[in-house]
Amino acid sequence: MKFVAFLLVILAVAVAMLLLGWVYVRDSGDSTEIIIDKQEVQRDTDAAVDATKDFAEDAGDKLKRLGGDVEQKLDESIETEQESRDPQESDPHPLEKDRSVAPETVDQP
């Protein structure tokens, strides 16, 4: 079963190469040649690499802008919240919480 899958993958790659124009068959009467056009492969590969670089750069720029926008909105939200908060209503310092409750007593022997 693995061998059949392997052959199918090889066949799919060969068909793709034919369709892309990377491989062609030339019949010169007495002989038949299978030719791989290395220049075509190189051009297509270079184009794919350039497109990938452009996509990655664009995505990086958009993420940086998005990150800056989020950071700016977060800063604005924090400032707005701090400005709207009444200093009298703010939470007391954790060490200065309600002291009206008697502290626990410790039994000493």
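Our structure's up above, just so we're on the same page.
Residues numbered from 1 in each chain as written. Predicted model: local features only at pLDDT ≥ 70, side-chain atom pairs only at ≥ 80, totals over all residues. Heavy atoms only, no water.

Draft legend 1. A nonpolar patch on the surface, seen in detail. Side chains of Val 4, Leu 8, Leu 11, Val 15 and Leu 19 sit close together on the surface and give an oily, nonpolar patch of about 500 Å² of accessible area. Note that Leu 11 resides in helix α1 (residues 2-20). (Patch = residues over 30% accessible without salt bridge, like charges linked within 9 Å, V, L, I, M, F, W, Y side chains within 5 Å. Areas by Shrake-Rupley, 256 points an atom, 1.4 Å probe, with all protein chains shown as cover. Salt bridge = Lys/Arg side-chain N within 4 Å of Asp/Glu carboxyl O. Helix = DSSP H or I, 4+ residues; strand = E, 2+ residues; numbered from the N terminus.)

Draft legend 2. Summary view of α1. End to end, α1 covers 27 Å across 19 residues, agreeing with the expected 27 Å (1.5 Å per residue, within 8%). The positive-phi residue at the C-terminal boundary of α1 is Gly 21, with phi of around 85 degrees. (Expected span 1.5 Å × (residues − 1).)

Draft legend 3. Examining the pattern of salt bridges more closely. All told, the structure shown has 2 salt bridges when counted by the stated rule. Salt-bridge contacts for Arg 26 lead to Glu 33; the nearest nitrogen and oxygen are separated by 3.0 Å. With a closest N to O distance of 2.7 Å, Glu 40 and Arg 43 form a salt bridge. Here Glu 40 and its partner Arg 43 are both found in helix α2 (residues 38-84), 3 residues apart, which amounts to about one turn of the helix. On the accessibility criterion, Glu 40 (21% relative accessible area) is partly exposed. (Buried < 20%, exposed > 50% of the residue type's maximum accessible area, 1.4 Å probe, protein only.)

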